[in-house]
Amino acid sequence: MGLPKNSSIKPLVHYMTSQFEGPLTISKGSELVVHGDASTHIYFLIEGSVAEIGRDDHGGLLIPTAFQPGQWFFNLQRHTTGKTAQSPFVCLSMVQVMRLDQTLWEQLIQEPGGDELLFILQQRILNQVRGHFRRMLHETPLDHYRWIMREAPALVKGFTRDQMAAYLGVSRATFFRLLQKV
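Keep in mind the model is a prediction, meaning the values are calculated, not measured.

J.: Teacher, can you tell me more about the overall build of the chain here?
T.: Within the chain, the secondary structure is distributed over 8 helices and 8 strands. Projected onto the principal axes, the alpha-carbon positions of the chain cover approximately 55 × 35 × 30 Å. Residue burial in the chain is summarised as follows: out of 182 residues, 45% are buried. The contacts in the chain between residues at least 6 apart in sequence include a share of 74% that link residues at least 24 apart. With an accessible surface of roughly 9,700 Å², the chain has 51% of that area assigned to carbon and sulfur atoms. Across the chain, the centroid of the 18 positively charged side chains sits 10 Å from that of the 16 negatively charged ones.

This is the structure:
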């Protein structure tokens, strides 16, 4: 997790990582977090890609978050607002994950330093999400797509073209025009 050598929560982090199950192999299309899910499992993605895939108010495809190997994820709604999952987290490919069961997680965050550990994990995940939205706001869709191809190739392989268009926040037609420029 990148903690300083003298961090007081290091023993808690070591204990937490020893409690993960896995690696678990999950098939493409499986939902790790389902719509309405109240679970608080913590996942670490080893291989493949996972995305939160939902629908907007008009029924359009909406993909606010996506994860590639080396990233942490969990039901962000549950951890930040206490609400259930607004959309499922779907395996875009066969994935391998490590999973910390929610009952163990709930016990860990009650330990001294548990609140700091939760804060660190939330910051890691929020940095991933913020980075995506920052690129959507400040880069052209073409530059954003080039960044994804370079820095997150698992997403390029996992997404369908419609899903990639939704993730980039552009129409399907715009995405197809963008592909002609790559």
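Back to the text.
J.: Quick question: what am I supposed to make of the sheet that holds strand β3 (residues 42-47) here?
T.: Whenever strands of a sheet pair, they do so through backbone hydrogen bonds, lying parallel or antiparallel. Sheet architecture is open: 4 strands sit in the order β1-β8-β3-β6, paired in antiparallel fashion. Each having just a single partner strand, β1 (21-26) and β6 (72-74) make up the two edges of the open sheet. Strand after strand, the sheet turns through a mean of 35° between neighbouring axes, direction not considered. As paired strands, β1 and strand β8 (residues 95-100) are joined by 4 bridges and run antiparallel to one another. Within the sheet, the bridge partner assigned to Leu24 lies in β8 and is Val97. The strands touched by helix α4 (residues 114-138) within the sheet are β3 and β6, with β6 carrying the most contacts at an inclination of about 100°.

J.: Please clarify how α4 should be interpreted in this entry.
T.: Think of an α-helix as 3.6 residues a turn; residues three or four steps apart then line up on the same face. The end-to-end C-alpha distance of α4, which contains 25 residues, comes to 35 Å, matching closely the 36 Å that a straight helix rising 1.5 Å per residue would cover. Within α4, the full set of buried residues consists of Gly114, Leu117, Leu118, Ile120, Leu121, Gln122, Ile125, Gln128, Val129, Gly131, His132 and Arg135.

Calculation notes
- Residues numbered from 1 in each chain as written.
- Predicted model: local features only at pLDDT ≥ 70, side-chain atom pairs only at ≥ 80, totals over all residues.
- Heavy atoms only, no water.
- Helix = DSSP H or I, 4+ residues; strand = E, 2+ residues; numbered from the N terminus.
- Buried < 20%, exposed > 50% of the residue type's maximum accessible area, 1.4 Å probe, protein only.
- Contact = heavy atoms within 4.5 Å.
- Areas by Shrake-Rupley, 256 points an atom, 1.4 Å probe, with all protein chains shown as cover.
- Lys, Arg positive; Asp, Glu negative; His and termini not counted.
- Charge placed at Lys NZ, Arg CZ, Asp CG, Glu CD.
- Pairing = 2+ DSSP bridges.
- Axes fitted to C-alpha atoms, helices over the stretch in contact; angles between N-to-C directions.
- Expected span 1.5 Å × (residues − 1).

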